[in-house]
Amino acid sequence: MLLALLLAGVFVLLAGVHLYWAFGGRWPGHDEASLVEHVVGRTRDMKAPSFLACVAVALALMAGGGLVLASVVPPTPLEPWLDAGRWALFAVFAARGVATYVPRIFRYAEGTPFWRLNRRAYGPLCLAIALGICAIQM
């Protein structure tokens, strides 16, 4: 139960960061271009993800948190669907975490702050989330 609460808290925190970006926040950068270099790597025109994209990711993260929290309530008739959703969530975060260490996938970002942050923080966080989801599913 404690792990599920911790994971749900991480999902809420990550959703909050995406909403912060949606409404114009620039951390961990100081302007739009530096934000892109920290959280995306590079884009063709160095524009931050759109309001809609940030809100969509925030909503998806909140839904993930809800799926994780649903693991601590008594089983319902929806349990097979909730289990499938949690396994899908595991697959998404495991794939994103592993992708960090596949050289070709993020090669476009070499030399940017994102490249270092991805290997030191973003990728390991995704793998930790995937491991946590796997643990609550067992």
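Right above here is the structure, for reference.
Read on for an overview of the structure.

Calculation rules
Residues numbered from 1 in each chain as written. Predicted model: local features only at pLDDT ≥ 70, side-chain atom pairs only at ≥ 80, totals over all residues. Heavy atoms only, no water. Core = buried A, V, L, I, M, F, W, Y, C linked by side-chain atoms within 4.5 Å. Buried < 20%, exposed > 50% of the residue type's maximum accessible area, 1.4 Å probe, protein only. Helix = DSSP H or I, 4+ residues; strand = E, 2+ residues; numbered from the N terminus. Contact = heavy atoms within 4.5 Å. Disulfide = S-S within 2.5 Å. Salt bridge = Lys/Arg side-chain N within 4 Å of Asp/Glu carboxyl O. Phe/Tyr/Trp six-rings, centres within 6.5 Å; stacked < 30°, edge-to-face > 60°. Axes fitted to C-alpha atoms, helices over the stretch in contact; angles between N-to-C directions. Left-handed = near helix turned anticlockwise from the far one by under 90°.

Quick look at the nonpolar core
Next, step 1: Phe 11, Val 68, Leu 89, Phe 93, Ile 129 and Ile 133 are the most contacted members of the largest nonpolar core, which has 15 residues in total.
Next, step 2: At the level of secondary structure, the elements contributing two or more residues to this core comprise helix H1 (2-22), helix H3 (51-69), helix H4 (79-99) and helix H5 (113-137).
Next, step 3: Residue contributions to this core peak at 5 residues, all from H5.
Next, step 4: Sequence-distant contacts of Ile 129, defined by excluding residues within four places in its chain, comprise Leu 7, Val 10, Phe 11, Leu 14 and Phe 93.
Next, step 5: In terms of nonpolar packing, the next biggest core, distinct from the first, is built from 9 residues, Trp 21, Leu 35, Val 40 and Cys 54 among them.

Comments concerning the state of the cysteines
Next, step 1: Taken as a whole and assessed by the stated rule, the structure comprises 0 disulfides.
Next, step 2: Cys 126 takes part in no disulfide bond, and the closest cysteine sulfur, belonging to Cys 134, lies 15 Å away.
Next, step 3: Residue Cys 126 is classed as buried on the basis of its relative accessible area of 11%.

Quick look at the pattern of salt bridges
When the charged atoms of two side chains lie near each other, side chains of opposite charge can form a pair.
Next, step 1: A complete count under the given rule lists 2 salt bridges for this structure.
Next, step 2: Its salt-bridge partner being Arg 86, residue Asp 83 comes within 2.8 Å of it at the nearest N-O pair. On the criterion of helical spacing, the pair formed by Asp 83 and Arg 86 is a turn pair, its members being 3 residues apart in helix H4.
Next, step 3: According to the relative accessible area criterion, Asp 83 is partly exposed, its value standing at 29%.
Next, step 4: According to the relative accessible area criterion, Arg 86 is buried, its value standing at 1%.
Next, step 5: Because the salt bridges share partners, they merge into one network encompassing Glu 79, Asp 83 and Arg 86.

Observations concerning unusual backbone geometry
With the exception of glycine, the majority of residues adopt a negative phi angle, and the majority of peptide bonds are in the trans configuration.
Next, step 1: The peptide bond linking Trp 27 to Pro 28 adopts the cis configuration, its omega dihedral lying at 15 degrees.
Next, step 2: Position of Pro 28 among the secondary structure elements: in the loop between H1 and helix H2 (32-39).

Notes on the packing of aromatic side chains
Next, step 1: Using the criterion set out here, one finds 6 aromatic pairs in the structure.
Next, step 2: Ring geometry for Phe 11 versus Phe 93: centroids 5.5 Å apart, planes at 80 degrees, classification edge-to-face. Of this pair, Phe 11 sits in helix H1 while Phe 93 sits in helix H4; the two residues are 82 residues apart in sequence, bridging distant segments of the chain.
Next, step 3: Taking the relative accessible area as the measure of exposure, Phe 11 reaches 1% and is therefore buried.
Next, step 4: Here Phe 114 and Tyr 122 contribute two aromatic rings whose centre-to-centre distance is 5.8 Å and whose plane-to-plane angle is 40 degrees, an arrangement assigned as tilted.
Next, step 5: Linked through ring pairs, Phe 106, Tyr 108, Phe 114 and Tyr 122 together constitute an aromatic cluster.

Considering the packing of H1 against H5
Next, step 1: Taken N-terminus to C-terminus, the directions of H1 and H5 make an angle of 145 degrees; their axes are 10 Å apart at the nearest point. The handedness of the crossing between H1 and H5 is left-handed. On H5, the residues that touch Leu 3, Ala 4, Leu 7, Val 10, Phe 11 and Leu 14 of H1 are Leu 125, Ile 129, Gly 132, Ile 133, Ala 135 and Ile 136.

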